[in-house]
Structures are given as C-alpha cells and as structure tokens.
Amino acid sequence: MTGALCVLTAGPALAADTFVEVNPSTAQAGSRVNLRASCGDNNNRQADVQSEAFGRMMLRPDNGFLTGSVTIPGGKAAGDYPVNLTCQNNNTASTTLTVVTMSQPAKGPATGGGGTADGSNTLLLAGGITATALVVAFGAYRAQRRRTDG
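Residues numbered from 1 in each chain as written. Predicted model: local features only at pLDDT ≥ 70, side-chain atom pairs only at ≥ 80, totals over all residues. Heavy atoms only, no water.

*Asks:* What exactly am I supposed to notice about the sheet that holds strand 2 (residues 26-28) here?
*Replies:* To summarise the sheet geometry, strands pair through backbone hydrogen bonds and adopt either a parallel or an antiparallel arrangement. One open sheet accounts for eight strands, arranged 1-3-6-5-4-7-8-2; its pairing is mixed. At either margin of the open sheet sits one strand with a lone partner, and together these are strand 1 (18-23) and strand 2. Averaged over all pairs of adjacent strands, the angle between strand axes in this sheet comes to 30°, irrespective of strand direction. Where strand 2 and strand 8 (residues 92-100) come together, three bridges link them in parallel fashion. Considered in strand 8, the bridge of Ala27 is made with Val99. (Pairing = 2+ DSSP bridges. Helix = DSSP H or I, 4+ residues; strand = E, 2+ residues; numbered from the N terminus. Axes fitted to C-alpha atoms, helices over the stretch in contact; angles between N-to-C directions.)

See the structure below:
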C-alpha cells in the first residue's frame, strides 16, 4: 500500500491590505483622534484622508503604516461620518467615525448630606443653631448646679 504525504507550507507574508482606522472610532466633538492606515505595499508615501467630520489631511509614513492625528471641530454635529483614504497607488479604503456631543451641566449635581441635596441650607442652619443653643443651655445648667451643690 502506497501513500502520499501532502505538506502544506505557508508562503511569504503578503503585503498588508489597504485599510484606514480611527482611534477612538467614537469621539466627542472637540476631541483629537488618531488615524492609522495602510496602502498595501505603498506605505512609504503619503496618503490623503478626507471626512466631513474633520476635513482633509495627509497621513505620513510611520513604522510601516501611515499615521496622523486630527481634532474634530467643537461645533461638529453628532452623527456618523465616513472617513475615506485615497492612496497614491489609487487604492482606497473607508471607515466610519461617530461624533457625539455631550452637554456640560451648568452646575454640579445636587448631591450631598441629606438636607443639602436640594441646594437649600435653611434646615441645616436651623438645626445647627438649635444644637448650639442646647449645648450652651446645658453647660449653663451644669455650671449652676455645681455651684449649688458645692
């Protein structure tokens, strides 16, 4: 009985596919995002990235990839924005950047120790005055009693 042995071997690593990444992919208007891309075997030349989220910019070669950073304008409306990569070898890729807007509170939340939670200090003030008056009255009573007993 004869048998055949088939050996599969891995060939040389192929050049990276063309892609573009945004990190973080969800960012607040006014914040900075990092871009990383690959133009396949053409990562030693600049590439163009364009998006309505931040405009147009050039990515530059950096350790085998194309990288750059950009700030999303503070007034940018919330939504999903395509990010399109165009390489000098005519390769293209795209991804999505989600822009969010979060309103900042005008003042801190109304939290605290019981009576201060609603922002009113009237009850706290009245309680403090009453407690102080009781301590003074008790102290006076004890002092009077010591004089009478002694």
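Having put the structure on the table, let's press on.
*Asks:* Looking at this model, I keep getting lost on the environment of Thr18. Mind explaining?
*Replies:* Looking at the secondary structure, you find Thr18 in strand 1. The spacing of Thr18 and Ala37 is 19 residues in sequence and 7.2 Å in space, taken between C-alpha atoms. For Thr18, the residues in contact, after removing those within four places along its chain, are Ser38, Cys39, Gly40, Leu85, Cys87, Asn91, Thr92 and Ala93. In terms of polar contacts, Thr18 uses its side chain to reach the side chain of Asn91, at 2.9 Å. (Contact = heavy atoms within 4.5 Å. Polar contact = N/O pair within 3.5 Å; in protein donor to acceptor, adjacent residues only side chain to side chain.)

*Asks:* Would you take a moment to explain the pattern of salt bridges for this structure?
*Replies:* Per the counting criterion, the structure on display carries two salt bridges. For Arg36, the salt bridge identified is with Glu21, shortest N-O distance 3.0 Å. On the criterion of sequence distance, the pair formed by Arg36 in strand 3 (residues 32-39) and Glu21 in strand 1 is long-range, its members being 15 residues apart. One salt bridge connects Arg56 with Asp48, and the closest N-O pair in it is separated by 2.5 Å. Take Arg56: its relative accessible area is 60%, and that puts it in the exposed class. (Salt bridge = Lys/Arg side-chain N within 4 Å of Asp/Glu carboxyl O. Buried < 20%, exposed > 50% of the residue type's maximum accessible area, 1.4 Å probe, protein only.)

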